[in-house]
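# Analysis of the macromolecular model
Here's the letter readout for the chains.
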Amino acid sequence: MNEDRARYDRAAIALGTGSIVSSVFVFGADAPTPIDFAHVGLGGAIVLAVLGLVGILGGALHRGILNLVAGGGLTIAALVQLATLPLSPRPLGGDASMMALLGAFGIGLLAVGLARRSSASTPPRTTSILDRKVEP
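### Let's talk about the packing of helix α1 (residues 2–22) against helix α2 (residues 42–60)
- Viewed as axis vectors pointing N to C, α1 and α2 meet at an angle of 160 degrees, and their least axial separation amounts to 7 Å. Comparing the axis directions of α1 and α2 gives the class roughly antiparallel. Crossing geometry of α1 relative to α2 is assigned as left-handed. Counting all contacts with α1, which are made through Asp9, Ala12, Ile13, Gly16, Thr17, Ser19, Ile20 and Ser22, the residues of α2 involved are Leu48, Ala49, Gly52, Leu53, Gly55, Ile56, Gly58, Gly59 and Ala60.
- Here the contact of α1 with α2 is built from residues that sort into eight nonpolar, eight polar and one charged.

Okay, here's the thing in structure tokens:
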């Protein structure tokens, strides 16, 4: 069971790191050669960096609730970005590509947090029907 939790913790650290690394796309428009992979505004970069750090802390400290907080925050930010796409000054800046980044990292961290919780509540000696060997 500890091995499963360690896998979820590593996944949370990877997703949090990806979120922080994605926040550097805020500098993409000002680069000598513009980066057109993702258009991230300053507000979105702050959200990606802060909640990515929360996701990393959740994995490093073995606290699934922090993964749920980070995932929920990123998912809510993605929904805010979706709702404000028609507006000219968006609160988070960026465009639909930033919404995709926020949503992807948010849903990923939510999935890790929920899977970690469900593996913690499963008794250690239960096995799936698929894991049992059938004797002829």
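### Points about the pattern of salt bridges
- Counted under the stated rule, the structure contains one salt bridge.
- Asp9 is paired through a salt bridge with Arg116; the nearest N and O atoms lie 3.0 Å apart. Residue Asp9 is found in helix α1, and its partner Arg116 is found in helix α4 (residues 96–121); the two are separated by 107 residues along the sequence.

### Remarks on α1
- Its 21 residues place the ends of α1 30 Å apart at the C-alpha level, agreeing with the 30 Å of an ideal helix rising 1.5 Å per residue.
- Looking only at α1, the buried set comprises Asp9, Ala12, Gly16, Ser19 and Ser22. One face of α1 carries all of its buried residues, which in axial projection span an arc of 155 degrees. Facing away from the buried side of α1 by more than 90 degrees, the exposed set consists of Glu3 and Arg10.

Thresholds, definitions, all that
Residues numbered from 1 in each chain as written. Predicted model: local features only at pLDDT ≥ 70, side-chain atom pairs only at ≥ 80, totals over all residues. Heavy atoms only, no water. Axes fitted to C-alpha atoms, helices over the stretch in contact; angles between N-to-C directions. Helix = DSSP H or I, 4+ residues; strand = E, 2+ residues; numbered from the N terminus. Parallel < 35°, antiparallel > 145°, perpendicular 65-115°, else oblique. Left-handed = near helix turned anticlockwise from the far one by under 90°. Contact = heavy atoms within 4.5 Å. Nonpolar A, V, L, I, M, F, W, Y, C, P; charged D, E, K, R; others polar. Salt bridge = Lys/Arg side-chain N within 4 Å of Asp/Glu carboxyl O. Expected span 1.5 Å × (residues − 1). Buried < 20%, exposed > 50% of the residue type's maximum accessible area, 1.4 Å probe, protein only. Arc of directions from axis to C-beta.

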